[in-house]
Amino acid sequence: MWRRLGVLDWIRVGLLALGLVFVATGLLPWAEAVTSLREIGPLLIFLVAVIVLAELTKEAQVFDAIAARMAVLGRGNYAALFFLCVLFASFVTIFLNLDTTAVLLTPVMLALAPRARIAALPLAMTTIWLANTASLLLPVSNLTNLLGMRKIGLDATEFAARMWAPQAAAILVTMAFLWVFYWRRGERRDLRYTPPVLTPVGDRVLFGAASAACVLFIGLLLVEMHVAIAAGAAAAVVVAAFALRARERLTWSLIPWQLVVFVTGLFLVVPTLSIHGLSALMTWMIGTEGDPYRTAAVGAGLSNLINNLPAYKAIETVIPAADQNRLLALLAGTNVGPVITPWASLATLLWFESCRRHDVRVPMRRFLLTGAGLAVVGLPATVWALVTFG
């Protein structure tokens, strides 16, 4: 097992080990460590359940069927396909989490590309940019949202009411950048694409059960069921279906242990660093004037430097709970801003790995420059919408 661990896996294990060392040496007091881990318990349950739900939904060919029908519906018109891809990626990100879009939707879209003779890079960039920028609307859309819910003091409905305008602004700017830099004819070269031939799903029972589980999950979220319970119930439905129809596909690899290890280590390391000087540095960086634009910019910059999860956790600790505007602006910075560097979000790292496995070349210079442009234009627009309409 140890030989199969990649570089990212070793970083995650190392982060957890460092956190345990901090606890063992007293650098992080035991009481604070317990409080921190108790805080993320429900989040880890949600994270495991929603990834299992998404993985088995993909195995049941739900995503493949939607992507193929989407390409057929576009009838060879790239503009129509573009809007359908934006809608699909945004929907999956909003309701099933950005990691689902990056990890599971990316290979589906890349597999569709050769079938319909579509350039792969526009499809790939649509999934990763919208995985980040479409993750503002609901608490479940991004782990950073879930991390901030308790401090921000909003339930899911109130959160969506504050974030609908920023989410719309972020998606619109992302669409503009996607079209100009990746989708217009001068970039994709082809005038039309060839709609794929639809093939029947392998197992209609699994397909129906997975589809029903996703609908159940979304329905439970709409009635404001706790995210861990909603994801757990939906995952239980699809797991039961696979246990009856295809038990061999229920393997331990479905459990996203890497994410569990990373988040647990993060919640031990960041509080330790905050106690020993990090909080003072973060306060100096975001200032004391309560400027949401500055807070968002610092969140985005730090996300592209070290990753958005530790960036959010480090900055959140120095913002008062009563200052909702700045906390929401910080979410904008750590959700919309991490589109420049490959390590800015976990979703981006996983996306690069998926592109590599599918032999899709991502020009790094182009990725960095277009991502920087999107962050520079998209983030101020998102914060403006938050301040104006939120």
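Model, not experiment: these values are computed from the prediction. (Residues numbered from 1 in each chain as written. Predicted model: local features only at pLDDT ≥ 70, side-chain atom pairs only at ≥ 80, totals over all residues. Heavy atoms only, no water.)

A look at the side chain of Arg12
To keep it simple, the criterion reads: Here a helix means four or more residues in a row that DSSP labels H or I, a strand means two or more in a row labelled E, and each is numbered from the N terminus. Each residue is assigned to one of three classes by its accessible area relative to the maximum for its type, calculated with a 1.4 Å probe on protein chains only: buried under 20%, partly exposed between the two thresholds, exposed over 50%. In this description, contact between two residues means that some pair of their heavy atoms is separated by no more than 4.5 Å.
When you line up the elements, Arg12 lands in helix H1 (residues 7-24). Under the relative-accessibility criterion, Arg12 is labelled buried at 6%. Ignoring any residue separated from it by four or fewer positions in sequence, one finds Arg12 in contact with Gln258, Val261, Phe262, Leu346 and Leu350.

Here we look at the state of the cysteines
To keep it simple, the criterion reads: Note that a disulfide, as used here, is simply two cysteine sulfur atoms within 2.5 Å.
One pass over the structure, following the stated rule, counts zero disulfides. Here Cys85 stays unpaired: no disulfide links it, and the sulfur of Cys355, its closest cysteine neighbor, is 14 Å away.

Notes on the packing of helix H4 (residues 78-96) against helix H8 (residues 156-183)
Working note: a packed helix pair is described by the angle between its axes plus the distance between those axes. So the rule is basically this: Helix axes are fitted only over the stretch in contact, all axes being lines through C-alpha atoms; the angle between N-to-C directions runs from 0 to 180 degrees. The scheme is simple: roughly parallel for angles under 35 degrees, roughly antiparallel for over 145, roughly perpendicular for 65 to 115, oblique for anything else. Note on convention: near helix rotated counterclockwise from far helix by under a right angle means a left-handed crossing. Clockwise means right-handed. Basically, the charged four are Asp, Glu, Lys and Arg, the nonpolar ten are Ala, Val, Leu, Ile, Met, Phe, Trp, Tyr, Cys and Pro, and anything else, Gly included, counts as polar.
Orientation of H4 relative to H8, taken along the N-to-C sense of each, is 135 degrees, at an axis distance of 12 Å. Classified by the angle between their axes, H4 and H8 sit oblique to one another. Handedness of the crossing formed by H4 with H8: right-handed. Here H4 contributes Tyr78, Ala79, Leu81, Phe82, Phe83, Cys85, Val86 and Ser90 to the contact with H8, which in turn contributes Ile171, Met175, Leu178, Trp179 and Trp183. Residue classes in the contact of H4 with H8 are distributed as 12 nonpolar, one polar and no charged.

Some thoughts on the packing of helix H6 (residues 120-133) against H8
With their axes 10 Å apart at the nearest point, H6 and H8 run at an angle of 160 degrees to one another. Here H6 lies roughly antiparallel to H8, going by the angle between them. Along this stretch, H6 crosses H8, giving a crossing that reads as right-handed. Here Leu121, Pro122, Leu123, Met125, Thr126, Trp129, Leu130 and Thr133 of H6 come into contact with H8, specifically with Gln167, Ala170, Ile171, Thr174, Phe177, Leu178, Tyr182 and Trp183.

Looking at the environment of Phe95
Its location among the elements puts Phe95 in helix H4. Placed 49 residues apart in sequence, Phe95 and Phe46 show a C-alpha to C-alpha distance of 13 Å. Among residues more than four places away in sequence, those in contact with Phe95 are Leu138, Val140, Phe217, Ile218 and Leu221.

Some details on empty space enclosed by the protein
Vacant regions in the atomic arrangement are exposed by a probe of water-molecule size rolled over the atoms. This is how it is decided: Here a cavity denotes grid points, spaced 1 Å and computed from the protein atoms alone, that fit a 1.4 Å probe unable to get out, and a pocket denotes an open set having protein on both sides within 12 Å along at least 5 of 7 lines; residues with an atom within 4 Å of a point are the lining. Grid points are joined across faces, edges and corners, and a volume is the space filled by probe spheres set on the points.
The full count for this structure, using the stated rule, is one cavity of 30 Å³ or more. Here the largest cavity is characterised by a volume of approximately 90 Å³. If you go around the largest cavity, the residues you meet are Leu47, Leu98, Asp99, Asn142, Leu143, Leu259, Val263, Asn308, Leu309, Ser345, Leu346 and Ala347. Put simply, the parts of the chain that give the lining of the largest cavity at least two residues each are helix H5 (98-116), helix H12 (257-286), helix H14 (308-316) and helix H16 (346-357). Grouping the constituent residues of the lining of the largest cavity by class yields eight nonpolar, three polar and one charged.

Describing the environment of Ala68
Tracing the backbone through its elements, the reader meets Ala68 in helix H3 (residues 62-74). Considering only alpha carbons, one finds Ala68 and Thr199, 131 residues apart in sequence, at a separation of 8.9 Å. When sequence neighbours within four positions are dropped, the list of residues in contact with Ala68 reads Leu112, Arg115, Pro196 and Leu198.

Section: the packing of aromatic side chains
What counts is decided by this rule: Side-chain rings of Phe, Tyr and Trp, where Trp is taken by its six-membered ring, are said to pair if the distance between their centres is within 6.5 Å; with planes under 30 degrees apart they count as stacked, over 60 as edge-to-face, and otherwise as tilted.
Considering all chains together, one arrives at 14 aromatic pairs under this definition. Seen from their ring centres, Tyr78 and Trp183 are 6.3 Å apart, and the 70 degrees between their planes marks the pair as edge-to-face. Here Trp183 lies in helix H8 and Tyr78 lies in helix H4, a separation of 105 residues in the sequence. For Tyr78, a relative accessible area of 3% puts it in the buried group. Assessed through its relative accessible area of 0%, Trp183 is described here as buried. Plain terms: the ring middles of Trp351 and Phe367 are 5.8 Å apart, the flat faces sit at 20 degrees to each other, and that makes the pair stacked. Taken together, the positions of Trp351 in helix H16 and Phe367 in helix H17 (residues 364-389) put the pair 16 residues apart, joining distant regions of the chain. Considered together, Trp351 and Phe367 belong to a single accessibility category, that of buried residues. An aromatic cluster is present here, built from Tyr78, Phe82, Phe83, Trp179, Trp183 and Tyr193 joined pairwise through their rings.

Considering H4
What counts, and what does not: Given the number of residues in a helix, its expected span is that number minus one, multiplied by 1.5 Å. We define a polar contact as two N or O atoms separated by no more than 3.5 Å, with the added condition that, inside protein, one atom must be a possible hydrogen donor and the other a possible acceptor, whereas residues neighbouring each other in sequence contribute only through side-chain atom pairs.
The first and last C-alpha atoms of H4 sit 26 Å apart over 19 residues, in line with the 27 Å expected at 1.5 Å per residue. The buried count for H4 comes to 14 of 19 residues, which makes it a mostly enclosed element. The backbone nitrogen of Ala79 has a side-chain oxygen 2.8 Å away, supplied by the residue at the start of H4, namely Asn77. Remark: Asn97 follows H4 within two positions and exhibits a positive phi of approximately 85 degrees.

A few points about the layout of surface pockets
Considered as a void within the structure, the second largest pocket measures approximately 500 Å³ in volume. Pro139, Leu146, Met149, Ala156 and Val227 are, among the 21 residues lining the second largest pocket, the residues nearest its centre. Elements with a contribution of two residues or more to the lining of the second largest pocket: helix H2 (30-59), helix H7 (143-152), H8 and helix H10 (204-222). Looking at the lining of the second largest pocket residue by residue, the classes come out as 15 nonpolar, two polar and four charged.

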